[in-house]
Amino acid sequence: MSYIFCILLTLLSGGCRSDSTGETLERPPSFKELLTKIREQEITPTEAETEFKRIMADWNAKYPSQPYDSLSMDLVFPLKRKNYKSVGGRGRGFYGRHFDLFDHSIAKSHPAHDIFIYDLDKDDKDDTENAYVDVLAVNEGVVIATEKNWTEGNGFKGGNYVWLYDFKSGGLWYYAHQREVFVVEGQLVEQGDKIGEVGRTGFSAKTNRSDTHLHLMFLKLDSAFNPTPVNHYPWLKKARTVFKTQLPKHYPRESLSASELDEIEMKPFRNSFKLNLGSVLVSPK
């Protein structure tokens, strides 16, 4: 009976497998599952580091990247119609010391930049246009983890987030505090694709003292997949502003062809999304 249950579980979710002795083995955790274990302190920092490197090695094997070169980073700005002037503190908000991705008890660093919108009434909309602001993929890559269902009861800091594996550098982008997330794990994105909207989700971002912003972090990975936060403000200063956006063409998995996407995956969304067939604009509202 347990064997049949394992087969069903594997078919439905990839939940278990067997080794050569016939013993049932657990499926290795996904990146999001690892992040959850780290946050809930259900895993030691050493165990978390080992598992992180295994996961990153798998993604790198599937999508080999070029060697990291800070001078070659040519990005689009992560917010629609915005530029580096929206970065808080004129780029002085980055503080990477004491950063430890694998130990949730350490919270003395801010290895990121906060990018603000003008939202005095704190309704998630930019007051200059009375509209939500699109969060964009700064580079082409693949989504490796998302959170879409944050509530105040959850309490954790990042809120609704996206982790993006960058094809050009082999590094990781982390986008936090989003109002909504429009991508899924395994989805390929191109520069300028809409992945979400700026919001106020997350324990600290939800408070009245916090202004509405996107929290953006970049982690460089070395040859052994050790993560190091990089001050990416110089890249943001020269990043290109995007004025027209679209949702990623690959939905929800990269293995689907364009015709399959059109005929199978996009049908449920035709009534809820306005689609410009010239690939100029896709709006979820």
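Notes on the structure in this doc start here. (Residues numbered from 1 in each chain as written. Predicted model: local features only at pLDDT ≥ 70, side-chain atom pairs only at ≥ 80, totals over all residues. Heavy atoms only, no water.)

Helices and strands together make up the secondary structure of the protein, namely five helices and 15 strands. When each of the 285 residues of the protein is scored for burial, the buried share is 45%. Considering only contacts in the protein between residues 6 or more positions apart, those separated by 24 or more positions represent 65%. In the form shown here, the protein has an accessible surface area of approximately 15100 Å², with 52% of it arising from carbon and sulfur atoms. (Helix = DSSP H or I, 4+ residues; strand = E, 2+ residues; numbered from the N terminus. Buried < 20%, exposed > 50% of the residue type's maximum accessible area, 1.4 Å probe, protein only. Contact = heavy atoms within 4.5 Å. Areas by Shrake-Rupley, 256 points an atom, 1.4 Å probe, with all protein chains shown as cover.)

With that settled, consider the pairing of strand S7 (residues 141-147). Every other side chain in a regular strand lies on the same face of the sheet, so the side chains alternate between the two faces. S7 sits mainly inside the fold: seven of its seven residues count as buried. The sheet contact formed by S7 and strand S10 (residues 188-189) spans two bridges and is antiparallel. Bridge pairing in S10 places valine 142 opposite leucine 188. In the sheet, S7 pairs with strand S8 (residues 160-166) via six bridges, with the strands oriented antiparallel. Residue pairing across strands places valine 142 opposite tyrosine 165, the latter belonging to S8. (Pairing = 2+ DSSP bridges.)

This part covers the pattern of salt bridges. Enumeration according to the criterion identifies twelve salt bridges in this entry. Between arginine 54 and aspartate 58 there is a salt bridge, and its shortest N-O distance comes to 3.0 Å. One end of the pair is arginine 54 and the other is aspartate 58, both in helix H3 (residues 45-62) and four residues apart, which spans about a single turn. The class for arginine 54 is partly exposed, based on a relative accessible area of 29%. Glutamate 197 is the partner of lysine 194 in a salt bridge, and the nearest nitrogen-oxygen pair spans 2.9 Å. Overall, glutamate 197 belongs to the buried group, its relative accessible area being 2%. When salt bridges with common partners are traced through the structure, they connect Asp134, Arg179, Glu180, Lys194 and Glu197 into a single cluster. (Salt bridge = Lys/Arg side-chain N within 4 Å of Asp/Glu carboxyl O.)

Taking 1.5 Å per residue as the helical rise, H3 with its 18 residues ought to reach 26 Å, and the 26 Å between its terminal C-alpha atoms agrees with that figure. Regarding H3, the residues found buried are Ala48, Glu51, Phe52, Ile55, Met56 and Trp59. Burial along H3 is one-sided: seen end-on, the buried residues are contained in an arc of 135°. Exposed side of H3, more than 90 degrees from the buried face: Thr46, Thr50 and Ala61 are the residues found there. Buried residues in H3 make contact with helix H2 (31-39), S7, S8, strand S9 (172-181), strand S12 (213-221) and strand S13 (227-229). (Expected span 1.5 Å × (residues − 1). Arc of directions from axis to C-beta.)

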